[in-house]
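Inside the fold
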Amino acid sequence: MIEPVYQPSPSRYEGGMTFRRAGRSGVLLPALSLGMWHNFGSEQTFSNVQRMAHYAFDRGITHFDLANNYGPAYGTAEENFGRLMERSFRPYRDEMFIATKAGYDMWPGPYGNWGSRKYLTASLDQSLRRMKLDYVDVFYSHRYDPETPLEETLQALVDIVRRGKALYVGLSRYPLEAERFAFRYLAERDVPCLLFQDRYNLFDRKPETSGVLSLATESGSGFVVFSPLAQGLLTGRYLNGIPQDSRMAEGRSLRSDVLTDAMLARIRGLNDLARRRGQTLAEMALAWLLSDRRVTSVIIGASSTAQIADNLRALENTAFSDEELARINALSREEA
């Protein structure tokens, strides 16, 4: 059977997606972006990868967030994205904002990890080949390297932009003082940090308390959130305990000892508030992040188009009353 030629929805920019400016730049990103950490690699059927990517793009999600080691297995999310480029997305490349990263373990030996010039440069070359791209829109240093001189990592990012392999650079999970130094170093070389990415959700509010969110805003960088649903804790998945087919039961990136009685009570309290707002818990958790205008975009993950559809409904109500915010603060900041 011949696969029909993909034709994106002509109303993809009219269906409710909102766009936010990335710091002091000309870049607008969708409020929700599609992350390809899980469910887009070799353990997923390509037909479902394609279905989810098309569904997202048809609804105004133009920002696709990848990294060299996304899969599983390493590199396979980028490989599948390359297949998408060849099969359907190539005519729409200029409508897309594509990100990738390097910083975590990728290949054996001393040059396949962390933040050296050699690793970052080689990794991006590999990523571009896998994704069938000439350049990415933003290339991130995926994590701070305490051993490599920060100047080396940052100058590699500057040179990557100057060589045309990325239009912008970003930083992910940098501590405050390293973030401050990096913003200054990059700006002085006319390659300002476009995006700072960090984990942020109702149960992990460190970007607020550490100062990294405020510094990004003050420095003119956009702020992109990952893990907005706390690996599934902020969904209805664990309201009645641990499902056998969940990542917590399988020990995948979420430990079962996190779900204490106190944590379960907090989740149920937040869920009750979400229901009073006419939302699911996941919708409210996303809406709460988007109620802060300092947040440029929130990265959502998905294993089906239905999950993407659920997350998109968060855009319908991102306003909170003072009473609701007080209740959210009380529940999200309690000790588990």
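The coordinates are above.
Residues numbered from 1 in each chain as written. Predicted model: local features only at pLDDT ≥ 70, side-chain atom pairs only at ≥ 80, totals over all residues. Heavy atoms only, no water.

Mapped onto the elements, histidine 63 comes out in strand β4 (residues 63-65). A polar side-chain atom of histidine 63 sits 2.7 Å from a polar atom in the side chain of serine 33. Beyond its immediate stretch of four places on either side in the chain, histidine 63 contacts Leu29, Pro30, Ser33, Leu34, Phe97, Ala99 and Ser297. (Helix = DSSP H or I, 4+ residues; strand = E, 2+ residues; numbered from the N terminus. Polar contact = N/O pair within 3.5 Å; in protein donor to acceptor, adjacent residues only side chain to side chain. Contact = heavy atoms within 4.5 Å.)

What follows is about the pairing of strand β9 (residues 222-226). Of all 5 residues in β9, 5 are buried, a share of seventy percent or more. Here β9 shows no split at all, with Gly222, Val224 and Phe226 on one side and Phe223 and Val225 on the other all buried. Relative to β9, strand β8 (residues 193-199) is paired through 5 bridges, and the arrangement is parallel. Bridge assignment links aspartate 198 to a residue of β9, and that residue is valine 225. As judged from the 2 bridges shared by β9 and strand β10 (residues 297-300), these two strands associate in the parallel manner. Bridge pairing links valine 225 to valine 298 in β10. (Buried < 20%, exposed > 50% of the residue type's maximum accessible area, 1.4 Å probe, protein only. Pairing = 2+ DSSP bridges.)

Right, let's get into the packing of aromatic side chains. Following the criterion strictly, the structure yields 16 aromatic pairs and no others. Taking the centre distance of 6.3 Å and the plane angle of 50° together, the rings of phenylalanine 81 and phenylalanine 89 count as tilted. This pair shows no difference in class: phenylalanine 81 is buried, exactly as phenylalanine 89 is. Grouped by ring-pair contacts, the aromatic residues Tyr6, Phe57, Phe64, Phe81, Phe89 and Tyr92 constitute a single cluster. If you follow lysine 101 out to its NZ or CZ, it ends over the ring of tyrosine 140, 5.6 Å from the centre. In this structure, arginine 143 packs its charged tip against the face of tryptophan 114, placed 3.6 Å from the ring centre. (Phe/Tyr/Trp six-rings, centres within 6.5 Å; stacked < 30°, edge-to-face > 60°. Lys NZ or Arg CZ within 6 Å of the ring centre and 35° of its normal.)

This paragraph deals with the pattern of salt bridges. What the rule picks out here adds up to 16 salt bridges. Between arginine 333 and glutamate 208 there is a salt bridge, with its nearest N and O atoms 3.0 Å apart. Taken as a pair, arginine 333 in the segment after α11 (322-332) and glutamate 208 in helix α6 (residues 206-210) lie far apart in primary sequence, 125 residues in all. What makes glutamate 208 partly exposed here is its relative accessible area of 23%. (Salt bridge = Lys/Arg side-chain N within 4 Å of Asp/Glu carboxyl O.)

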